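# Tertiary structure, described
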Amino acid sequence: MPANNGLSVAVDDRGVARVLVDRPARKNSMDSATSTALIETLGEWAADPAVRVVVIGAPGRDFCTGADLIEMATAEPPASEEEARQRAERTINTGSDVVRAIRALEVPVVAVVDGAAVGIGASVAFASDLIYASESAYFLLAFVNIGLMPDGAATSTVAAAVGRARANELALLGERLPATQAYADGLVTAVLPSEALADKVDQVVNKLLAASPRALTLTKKAIDAQTMAGFELALQLETQGQTELLQSPEFVALIAAFASKSKNQTVASN
């Protein structure tokens, strides 16, 4: 499973496709190259009839800690307001396209969450069909804590799973949600000890491989029709809102402070 653009990818002879966000030095956060590679990989699998199941996970102690703020902080400042707007729009569109690529897969998508699933990492997990988490896993819609709003269709997928009141609590307060509580809320399929996670997922994959592919596809479509009807509208509203917020004085100041802190830490380590 060689890493490429922050991903480790493999497809076995049974049609089980596995993709890992593999950037441990950045706590498996996703930069633009990783996000683009993930979109392209999932798109290829969606068009490949040999792919029967997709498994999304990550090595190490984190599933995905969100977008790579270091990439944002070290980018050249935009030369104009229009360039700032275009850059913000590209950023949010990339996150939207990641979850669109997940939902475009007609085969079952299994997320394996061990450790932190934060920001777009939580959105990726919640966009999956089956979500298996370790007892040490947690989810965090941290957007409001940095002056942003949830994206990656989290405003749709979370509300579909837990209802309006609980979704508002998670999105507006930006507090950590332990996996055990996520299970109680109906956000994840099961919670297991870390050491039991891989075996459980293998059992689930084998059961899916034994089922009729067409039956699985049609079942997914029917359930999505009932629970994900607001998916595209949520992405549109998130794009509009997040494009504005990414240009806000509060977020620009936060990124500037983050850049200064990162630079000072680099100088100190040298």
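Residues numbered from 1 in each chain as written. Predicted model: local features only at pLDDT ≥ 70, side-chain atom pairs only at ≥ 80, totals over all residues. Heavy atoms only, no water.

Where strand β2 (residues 7-11) meets strand β3 (residues 16-21), five bridges bridge the pair, whose relative direction is antiparallel. Its bridge partner being in β3, Ala10 is matched across the sheet by Arg18. What sits between β2 and β3 in their antiparallel hairpin is a turn of four residues, with Gly15 showing a positive phi close to 95°. Inspection of the sheet shows β3 paired to strand β4 (residues 53-57) by five bridges, in the parallel sense. Opposite Val19, over in β4, you have Ile56 as the bridge partner. For the segment spanning β3, helix α1 (residues 32-46) and β4, crossover handedness is right-handed. (Pairing = 2+ DSSP bridges. Helix = DSSP H or I, 4+ residues; strand = E, 2+ residues; numbered from the N terminus. Right-handed = clockwise from strand over helix to strand, strands pointing away.)

For helix α5 (residues 154-162), the set of buried residues is Ala154, Ser156, Thr157, Val158 and Val162. Those residues of α5 hidden inside the fold are in contact with α4 (120-127), α6 (164-173), α7 (179-185) and α10 (231-246). (Buried < 20%, exposed > 50% of the residue type's maximum accessible area, 1.4 Å probe, protein only. Contact = heavy atoms within 4.5 Å.)

With that settled, the discussion passes to the pattern of salt bridges. Inspection of the entire model under this criterion finds 16 salt bridges. A salt bridge links Asp31 to Arg23; the shortest N-O distance between them is 3.3 Å. For the pair formed by Asp31 and Arg23, the shared burial category is buried. The salt bridge involving Lys220 is made with Asp129; its shortest N-O contact spans 2.9 Å. Taken together, the residues span a long stretch of sequence, with Lys220 in helix α9 (residues 213-227) and Asp129 in the loop between α4 and β8 (130-134) at a distance of 91 residues. Salt bridges sharing partners connect three or more residues here, namely Arg23, Arg26, Asp31 and Asp68. (Salt bridge = Lys/Arg side-chain N within 4 Å of Asp/Glu carboxyl O.)

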